Amino acid sequence: MKKGCLIWLVVVIAIVVALGFAPGGEPQEFHVASEFELEPIVQLPSIGPVDLSINKAVIYLWISVGVIAIGSLILNRSLKNPTGRLFGAFAGLYDLARLGIVNSVMRKGQDTWFPYIASVFFFILVCNFVGLVPLPFGHHHQLAFYSATANLFVTLSLASCTFVLTHYAGIRAKGVGGYVKGWIVPAAPPVLKQMLFFLEILSEIFRLISLAVRLFANMLAGHVFFAVFFTLAVLFQSYLLASVLQGASVIMYLFEVFVAFIQAFIFAILSAIYIGGAMQESH
Amino acid sequence: MDAEAAKLLGAGLAAGLGVIGPGAGMGILIGSTIQSTARQPEMAGELRTTMFIGIGLIEALALYALIIALILLFVI
């Protein structure tokens, strides 16, 4: 090892050890769950049971839409230079959506359904990544982490889109009678046929719920991990533990970036599997 | 045992016992992916993609348990 490297290592270890003897800070209050309560920022009238007032979640959705719109305009301009880095990054994501998700899973309706799958993929990706940037929407306008997909209603809306389009694709490809007949397993005794038909319907409903809850729970758990780790760093009132836990928080943040990308990918590929499965001949 | 203590106990048990199954399942999945990649290294990309789909599906089950624990703590 070089001598400069060794001197740096000794200095860092000495600082970390010296921090163990420094007096701690003051105790402060922090509630983990308060980050996820939504209070209306601009109170608008409600139409029936639908409350139209502007929330933190609504503003985060608008921010995602704005990022996608401005990003699309910038990428449009980069199309004139097909060898640049920005174009390369976007081409990588486009190839992932086209080849990795749609072409590798769906057999028949690839060109028809690619716009929907790619839109869902990019929208959830941008929503998840915007949720990793601290924005001043916390209490008293402090910087706080929150993401639009950490809200069950947003993910339920996205999963409902996939649900409706799955059945629409199936009915368009096979007709209503043919699609429902695809749920009946032909090689089974009659009593078992009815039970399997009922189980197929139940599994369709469970797919909707599981798509929504998977994305919601991953994003919620990620933000709760952040809150807990950052709180742990200040809870013990010791600078030594704070410095160690700060490093652990950074590692958790990198893991959350990975999880954000994976969850967008999984939502898109499961949508593609469901839509492709509804269109093809089964059993 | 009063309701508060029962809630806390239930939340702890839900979050703790609920990740045993998914943890074992993920270990089996990733282990078999590593074995298959060692057998046929040219299929590593496809196998890795399928592995990530499997991880997403299994992790959802562990997070259902966490959601139940959070509902017990903060909603009920």
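What you are looking at is a predicted structure, and each value in this text was computed from that prediction instead of being measured. (Residues numbered from 1 in each chain as written. Chains lettered and ligands numbered in written order. Predicted model: local features only at pLDDT ≥ 70, side-chain atom pairs only at ≥ 80, totals over all residues.)

## With respect to the overall build of chain B
To keep things clear, this is the line we draw: Numbering goes from the N terminus for both helices and strands, where a helix is a DSSP run of H or I of at least four residues and a strand is a run of E of at least two. Our radius of gyration looks at C-alpha atoms and nothing else; its globule reference is 2.2 Å times the residue count to the power 0.38. Note on burial: count the other C-beta atoms lying within 10 Å of the residue's C-beta; 20 or more is buried, 12 or fewer is exposed, in between is partly exposed, and C-beta positions come from the backbone. Contact between two residues is assigned whenever their backbone-derived C-beta positions fall within 7 Å.
Helix and strand counts for chain B stand at three helices and zero strands. In chain B, the succession of α and β elements from N to C terminus is α-α-α. By the compact-globule yardstick of 11 Å for 76 residues, chain B is too spread out, its C-alpha radius of gyration being 17 Å. The dimensions of chain B, computed from C-alpha atoms along their principal axes, are 60 × 15 × 10 Å. Relative to its full complement of 76 residues, chain B shows a buried share of 9%. Within chain B, counting contacts between residues at least 6 apart in sequence, those at least 24 apart form 81% of the total.

## What to know about the overall build of chain A
Broken down by element type, chain A carries seven helices and zero strands. Across the 283 residues that make up chain A, the buried fraction comes to 23%. A separation threshold of at least 6 residues defines the contact pool for chain A, and within that pool the share at least 24 residues apart is 64%.

## Here's the deal with the packing of helix α6 (residues 190-235) of chain A against helix α7 (residues 239-279) of chain A
Residues and elements named next belong to chain A. Here is the rule we go by: Axis definition: a line fit to C-alpha positions, over the contact stretch in the case of helices; interaxial angles, taken between N-to-C directions, run 0 to 180 degrees. Roughly parallel covers angles under 35 degrees, roughly antiparallel covers those over 145, roughly perpendicular covers 65 to 115, and oblique covers all other angles. Following the grouping adopted for this structure description, the nonpolar residues are Ala, Val, Leu, Ile, Met, Phe, Trp, Tyr, Cys and Pro, the charged ones are Asp, Glu, Lys and Arg, and the polar ones are all others, Gly among them.
Where α6 contacts α7, the two axes come as close as 9 Å, and the packing angle between them is 175°. With respect to their mutual orientation, α6 and α7 come out roughly antiparallel. Of α7, the residues touching α6 (which contributes R207, L211, L215, N218, G222, F225, F226, F229, F230, L232, A233 and V234) are A242, L245, Q246, A248, S249, M252, E256, V259, Q263, F267, L270 and Y274. The class makeup of the residues in the contact of α6 with α7 is 17 nonpolar, five polar and two charged.

## So, the interface of chain A and chain B
The partner chain B presents 10 residues to the 13 residues of chain A that form the contact. Breaking the side of chain A that touches chain B down by element, the ones donating at least two residues are α6 and α7 of chain A. Sort the elements by how many residues they give to the side of chain A that touches chain B and α6(A) lands first, with six residues.

## Points about the confidence of the model for chain A
Note the threshold: The predictor's confidence in any single residue is recorded as pLDDT, a number from 0 to 100.
Scored by pLDDT, chain A has a mean of 83; 88% of the residues are at 70 or more. Within chain A, helix α4 (residues 110-130) of chain A carries the highest mean pLDDT (92), whereas helix α1 (residues 3-19) of chain A carries the lowest (81).

## Points about the confidence of the model for chain B
Detailed conclusions should not be drawn from predicted coordinates in areas where pLDDT is low. Residues and elements named next belong to chain B. Across chain B, pLDDT averages 91, with 100% of residues at or above 70. No element of chain B has a lower mean pLDDT than helix α3 (residues 44-74), which averages 88, and none a higher one than helix α2 (residues 20-39), which averages 95. The ipTM for the predicted assembly is 0.84, set against a pTM of 0.85.

## Quick notes on the packing of α4(A) against α7(A)
Two packed helices can be described by the angle between their axes and the distance between those axes. All names here are of chain A. Put simply, the rule is: Working rule for handedness: look at the near helix, and if it is turned counterclockwise from the far one by less than a right angle, call the crossing left-handed; if clockwise, right-handed.
In the contact formed by α4 and α7, the axes pass within 8 Å of each other and the chain directions differ by 160°. Judged on the interaxial angle alone, α7 and α4 are roughly antiparallel. With respect to the hand of their crossing, α4 and α7 are arranged in right-handed fashion. Seen from α4, the contacting residues are W113, I117, V120, F121, I124, L125, N128 and F129; seen from α7, they are A260, F261, Q263, A264, F267, A268, S271, A272 and I275.

## Topic: the nonpolar core
Residues and elements named next belong to chain A. Spelled out, the test is: Connectivity within a nonpolar core runs through C-beta atoms within 7 Å, and the core itself is a set of buried Ala, Val, Leu, Ile, Met, Phe, Trp, Tyr and Cys residues.
If you look at the biggest cluster of nonpolar residues, it comprises 46 residues, and the most contacted ones within it are I101, F121, I124, F267, A268 and A272. Of all the secondary structure elements, the ones that give two or more residues to this core are α3 (85-105), α4, α5 (152-181), α6 and α7. Considering every element that reaches this core, the biggest residue donor is α7, with 13 residues.

## Quick look at α3(B)
What counts, and what does not: Take the number of residues in a helix, subtract one, and multiply by 1.5 Å to get its expected span.
Helix length check: α3(B) (31 residues) gives 43 Å between terminal C-alpha atoms against 45 Å at 1.5 Å per residue, within 8%. Buried residues of α3(B): B:G56, B:E59, B:L63, B:A65, B:A69 and B:L70, and no others. Packed against the buried residues of α3(B) are α6 and α7 of chain A together with α1 (3-17) and α2 of chain B.

## With respect to the environment of B:L47
Residue and element names in this part refer to chain B. The topology assignment puts L47 in helix α3. Residue L47 is classed as partly exposed on the basis of its 18 C-beta neighbours within 10 Å. The spatial distance from the C-alpha of L47 to the C-alpha of L8 is 41 Å, given a sequence separation of 39 residues. Non-local contacts of L47, meaning those with residues more than four positions away in its chain, are made with T33, S36 and T37.

## Here we look at the environment of A:R172
All names here are of chain A. Note that R172 resides in helix α5. Residue classification places R172 among the partly exposed positions, given that 15 C-beta atoms sit within 10 Å. Taking the C-alpha atoms as reference, R172 lies 35 Å from S147; in sequence the two are 25 residues apart.

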